[in-house]
Each structure stands twice: as C-alpha cells, then as structure tokens.
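Structure at a glance
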Amino acid sequence: WKKLVALIFHFNMDVASCGSALFTFLLAIWTAAGSLPFVDDGAYGRSGFFIRLLFVPIFLILLFFARDLGRFFGFYGPLVFLDKACISQVDTRSQRAAILKLGA
C-alpha cells in the first residue's frame, strides 16, 4: 500500500493542489459577491462556509481520482509502465517469476 500511496501523491498531487485552489478561489469570489453564505469568526472576520465544508473533500477526491476523472472527461495522460514499482527488486526468485508473467 505504501507504493500505491507514493504513486498517487507523485501523479496526482499537482492536480489536487491546483484544482482545490481553483475551486477555493471560485467559492471565495461567490462568497464575496454574496451568492454563498459565510461564517462570522468574530475577531478573525468572515470566512466562506462552503470553503470550509468542501475544501478537504474536493482535495481528497482529486488526489485519489484525478486521473480517473480526467479520463471520464476525455483527457488521457501518458501511459507509464513502472516495473521497478511492481516487481520485487530484492528477491531474485520472485523477480524472475514476475518477469515471466509479463506479456510480450
């Protein structure tokens, strides 16, 4: 699972960061225009209710499913084969077995 998490962060962190920042910016504009509700934080001023509510879920959805969502909308990125991430580099016996399982 550590390899999966590392690959998710490697390939999707930029999309998740930029996408959630853009989403937050749009919500901030709508909140400032009075179209969306805000929360009064007292001494800290006002902040957007929907920004607080949706920022983390949007970031996580983009982090874990950015490439799948892109494919759904017709954006296809490069296909990558990561044999070092998929095939054991320590145990030669399991490495050989994994290489033999690969299609030509």
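Residues numbered from 1 in each chain as written. Predicted model: local features only at pLDDT ≥ 70, side-chain atom pairs only at ≥ 80, totals over all residues. Heavy atoms only, no water.

1. What to know about the overall build of the protein chain
Let me state the cut-off plainly: Strands here mean DSSP runs of E at least two residues long; helices mean DSSP runs of H or I at least four residues long; both are numbered from the N terminus. A simple rule labels every residue: compare its accessible area, found with a 1.4 Å probe on the protein chains alone, to the largest value its type can have, and call it buried under 20%, exposed over 50%, or partly exposed in between. Here a residue-residue contact requires only that any non-hydrogen atoms of the pair lie within 4.5 Å. Areas reported here follow the Shrake-Rupley algorithm with a probe of radius 1.4 Å; residue values treat only the protein chains shown as occluding. For the charge count, each Lys or Arg is scored as positive and each Asp or Glu as negative, with His and the chain ends excluded. Charge coordinates come from a single atom per side chain, which is NZ of Lys, CZ of Arg, CG of Asp or CD of Glu.
Across its full length, the protein chain carries four helices and two strands. Listed by position from the N terminus, the elements making up the protein chain come as α-β-β-α-α-α. C-alpha atoms of the protein chain, sized along the principal axes, occupy 65 × 30 × 15 Å. Across the 104 residues in the protein chain, those meeting the buried criterion constitute 14%. The long-range fraction of contacts in the protein chain, counting pairs at least 24 apart against all pairs at least 6 apart in sequence, stands at 48%. Surface exposure of the protein chain reaches about 8,400 Å², of which carbon and sulfur atoms provide 69%. If the 10 positive side-chain charges of the protein chain are averaged to one point and the 6 negative ones to another, these points end up 11 Å apart.

2. What to know about helix α2 (residues 49-72)
Note on helix geometry: an α-helix contains 3.6 residues per turn, so any two residues three or four positions apart are oriented the same way. We apply this condition: Given the number of residues in a helix, its expected span is that number minus one, multiplied by 1.5 Å. One axis fitted to the seven residues ending at a residue, another fitted to the seven starting there: the angle between these axes is the bend at that residue.
In a regular helix each residue adds 1.5 Å, so 24 residues correspond to 34 Å; α2 covers only 29 Å between its end C-alpha atoms and thus falls short of that length. Remark: the principal bend of α2, roughly 80°, maps to Phe 65. In this structure, the buried side of α2 is in contact with α1 (2-32).

3. Regarding α1
The largest bend in α1 amounts to roughly 55° and is located at Asn 12. Considered for burial, the residues of α1 that qualify are Ile 8, Asn 12, Ala 16, Ser 20, Thr 24, Leu 27 and Thr 31. On its buried face, α1 sits against β1 (38-40), β2 (46-48) and α2. Positioned one or two residues after α1, Gly 34 has a phi angle of 90°, which is positive.

4. Overview of a nonpolar patch on the surface
Let me state the cut-off plainly: The patches reported here contain residues having more than 30% relative accessible area and no salt bridge. Joining distances are 9 Å for like charges and 5 Å for nonpolar side chains (Val, Leu, Ile, Met, Phe, Trp, Tyr). Salt bridge, as applied in this entry: a Lys or Arg side-chain nitrogen positioned within 4 Å of an Asp or Glu carboxyl oxygen.
Judged by side-chain polarity, Phe 55, Val 56, Leu 60, Ile 61, Phe 64, Phe 65, Leu 69, Phe 72, Phe 73 and Phe 75 come together as a nonpolar surface patch covering roughly 1,000 Å² of accessible area. Secondary-structure assignment places Phe 73 in the loop between α2 and α3 (83-86).

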